Amino acid sequence: MPRLSLPARFAASLLMLAGFLTVVSPAEAAVPDRKGWALWNQTAGAVVPSGTWPAGSSVVPISPGRYQVKLVGQGAPQGVVHVTAINNSPHWCQAENWGQSGPDEIINIRCYRAGGALDVSSFSVFFVRASGGPAPGPYGYVDSAPGGGIISQYNSVGAGNTSTNLGVGQYQVRFPGLVAGGTLDGSLQATAVNPQQGARCKIRNWVSTGSGQDVNVLCFNAAGALLNTRFTLTYQYKVSLYGAAIPPKYYGYFLNQPPAGPPSTNLNSVLGLGANTILPAGTGLSLVTFPRIAFTQNTVQVTAYGSNSNFCGLNTFWTNSTSGPDLIVRDVNCFTNAGAPINTGFTVSANSIL
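Quick notes on the rules
- For every chain, the first residue of the written sequence is number 1, and numbering continues from 1 along that sequence.
- Local features are withheld for residues below a pLDDT of 70 in this predicted model, meaning they are given only at 70 or higher, and side-chain atom pairs are given and counted only at 80 or more; totals for whole chains, interfaces and linings count all residues.
- Processing note: side-chain calculations cover all non-hydrogen atoms of the structure and skip hydrogens and water entirely.
- In DSSP terms, a helix is any run of H or I states spanning at least four residues, a strand is any run of E spanning at least two, and both are numbered starting from the N terminus.
- The classification of residues rests on relative accessible area computed with a 1.4 Å probe and restricted to protein chains. Under 20% of the type maximum is buried, over 50% is exposed, and intermediate values are partly exposed.
- By convention a nonpolar core is built from buried Ala, Val, Leu, Ile, Met, Phe, Trp, Tyr and Cys residues, the set being connected through side-chain atoms within 4.5 Å.
- Should any heavy atoms of two residues lie within 4.5 Å, those residues are considered in contact.
- When a carboxyl oxygen of Asp or Glu is within 4 Å of a side-chain nitrogen of Lys or Arg, the pair counts as a salt bridge.
- Planes of paired rings set the category: under 30 degrees apart is stacked, over 60 is edge-to-face and the rest tilted, where pairs are Phe, Tyr or Trp rings (Trp by its six-membered ring) whose centres lie within 6.5 Å.
- Whether a charge sits over a ring depends on NZ of Lys or CZ of Arg being within 6 Å of the ring centre and within 35 degrees of the ring normal.
- Scored from 0 to 100, pLDDT records how confident the predictor is in each individual residue.

(A) Expanded view of unusual backbone geometry. For the bond running from Gln 257 to Pro 258, omega is -20 degrees, close enough to zero to count as cis. In this fold, Pro 258 is placed in the loop between β18 (251-256) and β19 (266-268). Here Thr 296 and Gln 297 are connected by a cis peptide whose omega angle stands at 0 degrees. Among the structural elements, Gln 297 can be located in the loop between β22 (285-290) and β23 (298-305). Positive phi outside glycine occurs at Gln 78, with the angle close to 65 degrees. Structurally, Gln 78 can be placed in the loop between β4 (66-71) and β5 (80-86). One non-glycine residue, Arg 292, lies in the positive phi region at around 65 degrees. Structurally, Arg 292 can be placed in the loop between β22 and β23. Arg 292 gets classed as partly exposed once you look at its relative accessible area, which sits at 44%.

In structure tokens form, the structure reads like this:
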């Protein structure tokens, strides 16, 4: 084979480099600067690898009902945290605080049983910090102060999100410019942030308008009374909960209103709108199936929906089906403030690293 001249070799190198550089197009750029999640198995006293990313991330119990999560290599200022209790009895979990420690992100979690006492529980926790890059679809989040106002935020079209306190424990959050097309499109997750007392936040309702997303959030204390508290809220439409679409290829969300929300609130990234299913599994229990997106490592988050103090979580860990790569949530479980099972509304979001 003839030896290439130096100019020819240089040109060939440039072509090869160009080939590598065009693998990821601007439309595929990921929004998050940092992201991570952990699935804590209280019984085993360890994280579940299939539900934890990055590898090496950990959870350490601090005291009964309090945990410290370390997401290795994902440290960044600001961002938002969501957490969902996993327990077959009425429990909820909330964020206490979070922050960067060297290269890692440290998240402190509090879990409570109905009635307001700190208590041990399994849980799923999620973190994202975004600051730029083209987004493949409308996406945004807020970290809201207890009296309204923004602690930190992200909006995929660069607009300024707002949070307004309408009364004790009642907030209106606006995501301007995140236009999806219909009257109710996409999905939402909300989490209370409080280091001092039990607190829960949920979606009261929201409207997709021609100018963006208008969301009403309610927050409660352990007694079920409205409470001013810090909270996080994330909006996604045809993107993952951490704001990227390609990758990942595998994500989905669902609104149970009940018995179901509009088709535009039921998305499966592989099969499109309306592909995810929900079946009643008993009072307060809903079996949710996300076909063909069960690729690890993945995370699931749940938020209650409606104008009451009901709350929701997960009955046990999500699984993959034996007949195909379906992600099965068995089950979303919902309770009254007193801890009685009840059929009520919720949003659920499943997301893979792939």
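(B) Region of interest: the nonpolar core. Among the nonpolar cores identified, the biggest contains 42 residues, and Phe 175, Trp 206, Val 215, Val 217 and Leu 233 are the most heavily contacted of them. Of all elements in the fold, only β9 (122-130), β10 (139-144), β13 (170-176), β14 (187-193), β15 (199-209), β16 (212-221), β17 (230-236) and β18 reach the threshold of two or more residues within this core. No other element matches β15, which puts four residues into this core. Not counting residues up to four positions away in its chain, the partners in contact with Phe 175 are Gly 140, Tyr 141, Val 142, Asn 155, Asn 161, Leu 188, Ser 211, Gly 212, Gln 213, Val 215, Leu 233 and Tyr 235. If you look at the next biggest cluster of nonpolar residues, it comprises 21 residues, including Phe 254, Ile 293, Cys 312 and Phe 346.

(C) Quick peek at the pattern of salt bridges. Taken as a whole and judged by the stated rule, the model has six salt bridges. Residues Glu 96 and Arg 66 are paired through a salt bridge, measuring 2.8 Å at the closest nitrogen-oxygen approach. Of this pair, Glu 96 sits in strand β6 (residues 91-101) while Arg 66 is found in strand β4, placing the two residues 30 residues apart along the sequence. Several salt bridges share partner residues, and in doing so they unite Arg 66, Glu 96 and Arg 110 into one network.

(D) Molecular detail of the packing of aromatic side chains. For the structure shown, the criterion picks out 15 aromatic pairs. Measuring from ring centre to ring centre gives 6.0 Å for Tyr 139 and Tyr 154, while their planes differ by 50 degrees; the resulting arrangement is tilted. One end of the pair, Tyr 139, is in strand β10; the other, Tyr 154, is in strand β11 (residues 150-155), with 15 residues separating them in the sequence. Of the two residues, Tyr 139 and Tyr 154, neither departs from the other in class, the shared state being buried. Through successive ring pairs, a cluster of aromatic residues spans Trp 37, Trp 53, Phe 126 and Tyr 242. Sitting above the plane of the Trp 92 ring, Arg 200 keeps its charged end 4.6 Å from the centroid. Sitting above the plane of the Trp 98 ring, Arg 230 keeps its charged end 4.6 Å from the centroid.

(E) View of the confidence of the model for the protein. Predicted confidence across the protein gives a mean pLDDT of 90, with 90% of residues reaching 70 or more. Of the regions scoring below 50 in pLDDT, residues 1-29 engages in eight contacts with residues more than four places distant in sequence or in other chains.

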